[in-house]
Amino acid sequence: MDFGTICRVRPTLLPFSPPSIGDEEIDEVAATLRQEWLTTGPRTAMFEAGVARRVGAEAALAVNSGTAAMQVALAAAGVGPGDEVITTTMTFCATAHVAHHAGARPVIVDVEPDTLNIDPAAVRRALSARTRAIIPVHLHGHPAEMDAILDLARDRGIVVIEDAAHALPATYRSRTVGSVGPLCAFSFYATKNLTTGEGGMLTGDAELVERARPWTRHGIDRDRQAAAGKKDSWWYDVVLPGFKCNMSDIMAAIGLRQLDKLDAFHARRRAIAQRYSDAFASVPQLQVPVERPHVTSAWHIYALRLHLERLHIDRGMFIEELRQRHISASVHFIPLHRMRFYREVYGLKPDAFPVAERETDRLVSLPLHPLLTDQDVADVIDASLDVARTFAR
Ligand SMILES: *Cc1c(COP(=O)(O)O)cnc(C)c1O
């Protein structure tokens, strides 16, 4: 045995994506709790304005999840029964669930081989007279091909709602995601690039975003109070059957201080992704993620792909070998067409998804977050190289 090749195993398990919360967020939450206003209020308004400014959007609407941002976007766009919503198989289930809950039919399509983002050619093939919305997902933080998708939607009365849960702060052709298409949904879930614990934001055209606003609070329209000439503070009207998914000022307090750090977080994610790619680019068992020349990725997920024909082990065993070296890894995502609900209710078959079928079983997401130290990054690299070499064929 060649003991020289045994890699150092770090003493503790490296977590996959812990939140990066500091005293700034804690102090802002404490200040909020000492005041009288806890629900949607001044801090939510400031957070909306801050996100709108950062992404260059006309308007922003804070909600309690990224899922809710997509749900109210569909509602505001009038998507409902009889309509079809085209989205990608390489996503989290929420992206298609929102279409189902709107009463529409989710139409799931295949992806491009390099980015694993929704394939505009597959979207074109899936268009029908019933298509009312397209939900591209900026997978792992790399923007989907928005120009091609917006071209398909234009003149057909189709609304494009971006699932940008991974994509703060990505850019597409020099524009920040959030101001590229008409409506864009961000998630501030605990693991995302910016967190409010749970939370989300819809950004985009002012007219569409404002149409979504009453959908976040039961369809209550207090502005109509003035319009209707009612002065009584207790009076309100319900103008549509809204949901209940507004953001509280406690969540917005976290978001405001996270937003201050977003660019530093992103720079760190970028630098770590670069170190990973430099270390893995020439390893025959590994394939590194791409960044197309006209985009900058938000680097939410670093998705390595395994060349399984050059390994004795499968993806599951690769992740287990990393875990034994105290490195947590994960998978983003198991495609929707493999999920029982979508198979059974929407009749999805693997042969309709040749690219996703070929790529999904070789995906491994490595830890990527701003708290990683240079030593942590070196540990991830050492462990990955050790597993690749130990099980090389
Ligand atoms: C996290 C995530 C969502 C859902 O966001 P929530 O804020 O948890 O509702 C939607 N789509 C993708 C691709 C995600 O990763």
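Quick summary incoming for the structure in this document. Computed from a prediction, not measured in an experiment: that's the story for all the values here.

This part covers the sheet that holds strand E12 (residues 286–287). The strand order across the open sheet built from 3 strands is E12-E14-E15, with neighbouring strands paired in antiparallel fashion. Looking at strand neighbours, the two that pair on one side only are E12 and strand E15 (363–366), the edges of this open sheet. In this structure, E12 lies alongside strand E14 (residues 302–306), joined through 2 bridges in antiparallel fashion. Among the inter-strand pairings, Gln 287 is bridged to a residue of E14, identified as Arg 305. Against the sheet, helix H9 (residues 249–280) makes contact with E12, E14 and E15, and its axis sits at roughly 15° relative to E14, the strand it touches most.

Residues in close proximity to the ligand total 15 residues, the closest being Thr 67, Asp 163, His 166, Ser 187 and Lys 192. Contact between the ligand and Gly 66: an oxygen atom at 2.7 Å from a main-chain N or O atom of the residue. Separating an oxygen atom of the ligand from a side-chain N or O atom of Thr 67 is a distance of 2.5 Å. Counting atoms within 2 Å of the grid points, the majority share of the ligand lands in the largest pocket. By residue class, the composition of the shell around the ligand is 5 nonpolar, 8 polar and 2 charged.

With the rule as written, the count across this model stands at 30 salt bridges. The partner of Glu 145 in a salt bridge is Arg 292, and the shortest N-O contact between them spans 3.1 Å. Of the two residues, Glu 145 is situated in the loop between strand E4 (131–135) and helix H6 (146–153) and Arg 292 in the loop between E12 and strand E13 (295–296); the sequence distance between them amounts to 147 residues. Residues Arg 154 and Asp 151 are paired through a salt bridge, measuring 2.6 Å at the closest nitrogen-oxygen approach. Since its relative accessible area comes to 47%, Arg 154 is described here as partly exposed. Each of Glu 28, Arg 43, Arg 257 and Asp 260 takes part in salt bridges that share partners, so that together they form one network.

Moving on: the layout of surface pockets. By volume, the largest pocket is sized at about 500 Å³. Taken together, 30 residues make up the lining of the largest pocket; nearest its centre are Phe 92, His 166, Ser 187, Tyr 189 and Lys 192. When contributions to the lining of the largest pocket are tallied by element, the ones reaching two or more residues are helix H3 (66–76), helix H4 (94–101) and strand E8 (183–187). Lining the second largest pocket are Glu 210, Arg 213, Pro 214, Thr 216, Arg 217, His 218, Ile 220, Asp 221, Arg 222, Asp 223 and Lys 244. Taken together, the residues of the lining of the second largest pocket break down into 2 nonpolar, 2 polar and 7 charged.

On to empty space enclosed by the protein. In total, this model carries 4 cavities of 30 Å³ or more according to the counting rule given. Reported here for the largest cavity is a volume of approximately 140 Å³. Taken together, 14 residues form the lining of the largest cavity, with Thr 115, His 140, His 142, Pro 289 and Val 290 sitting closest to its centre. When grouped by side-chain class, the residues that make up the lining of the largest cavity number 8 nonpolar, 4 polar and 2 charged. Taken as a whole, the second largest cavity spans an internal volume of roughly 80 Å³. Looking at the second largest cavity, it is lined by 14 residues, and the ones nearest its centre are Pro 18, Ser 20, Lys 192, Asn 193 and Arg 269. Across the lining of the second largest cavity, the residue classes tally to 5 nonpolar, 7 polar and 2 charged.

Our focus in this paragraph is the pairing of E4. Within E4, 4 of the 5 residues are buried, which leaves the element mostly enclosed by the surrounding structure. Note that strand E2 (residues 84–88) and E4 share 4 bridges and pair parallel. Residue Thr 87 lies in a different strand from E4, and its bridge partner there is Ile 135. Alignment of E4 against strand E5 (residues 159–163), held across 2 bridges, turns out to be parallel. Across the sheet, the residue bridging to Ala 133 is Val 159, located in E5.

What follows is about the packing of aromatic side chains. Here the structure, examined in full by the defined rule, presents 9 aromatic pairs. Pairing Phe 341 with Tyr 342 gives two aromatic rings, centres 4.9 Å apart and planes at 85°, and the pair type is edge-to-face. The partly exposed category is assigned to Phe 341, whose relative accessible area is 34%. A residue is classified by how much of its surface remains accessible, and Tyr 342, at 1% relative accessible area, is buried. Centre to centre, the rings of Tyr 342 and Tyr 346 are 5.8 Å apart; their planes meet at 20°, and the pair counts as stacked. Here the residue Tyr 342 and the residue Tyr 346 both occupy positions in helix H11 (residues 340–346), the gap between them amounting to 4 residues, near one helical turn. Judged by relative accessible area, Tyr 346 falls into the buried class, the value being 12%.

About the thresholds
- Residues numbered from 1 in each chain as written.
- Predicted model: local features only at pLDDT ≥ 70, side-chain atom pairs only at ≥ 80, totals over all residues.
- Heavy atoms only, no water.
- Pairing = 2+ DSSP bridges.
- Helix = DSSP H or I, 4+ residues; strand = E, 2+ residues; numbered from the N terminus.
- Contact = heavy atoms within 4.5 Å.
- Axes fitted to C-alpha atoms, helices over the stretch in contact; angles between N-to-C directions.
- Near = heavy atom within 4 Å.
- Polar contact = N/O pair within 3.5 Å; in protein donor to acceptor, adjacent residues only side chain to side chain.
- 1 Å grid on protein atoms, 1.4 Å probe; cavity = no way out; pocket = protein on both sides within 12 Å on 5 of 7 lines; lining within 4 Å.
- Sits in = over half its atoms within 2 Å of the grid points.
- Nonpolar A, V, L, I, M, F, W, Y, C, P; charged D, E, K, R; others polar.
- Salt bridge = Lys/Arg side-chain N within 4 Å of Asp/Glu carboxyl O.
- Buried < 20%, exposed > 50% of the residue type's maximum accessible area, 1.4 Å probe, protein only.
- Points joined across faces, edges and corners; volume = space filled by probe spheres on them.
- Phe/Tyr/Trp six-rings, centres within 6.5 Å; stacked < 30°, edge-to-face > 60°.

Distances and angles like these do not, on their own, reveal function.
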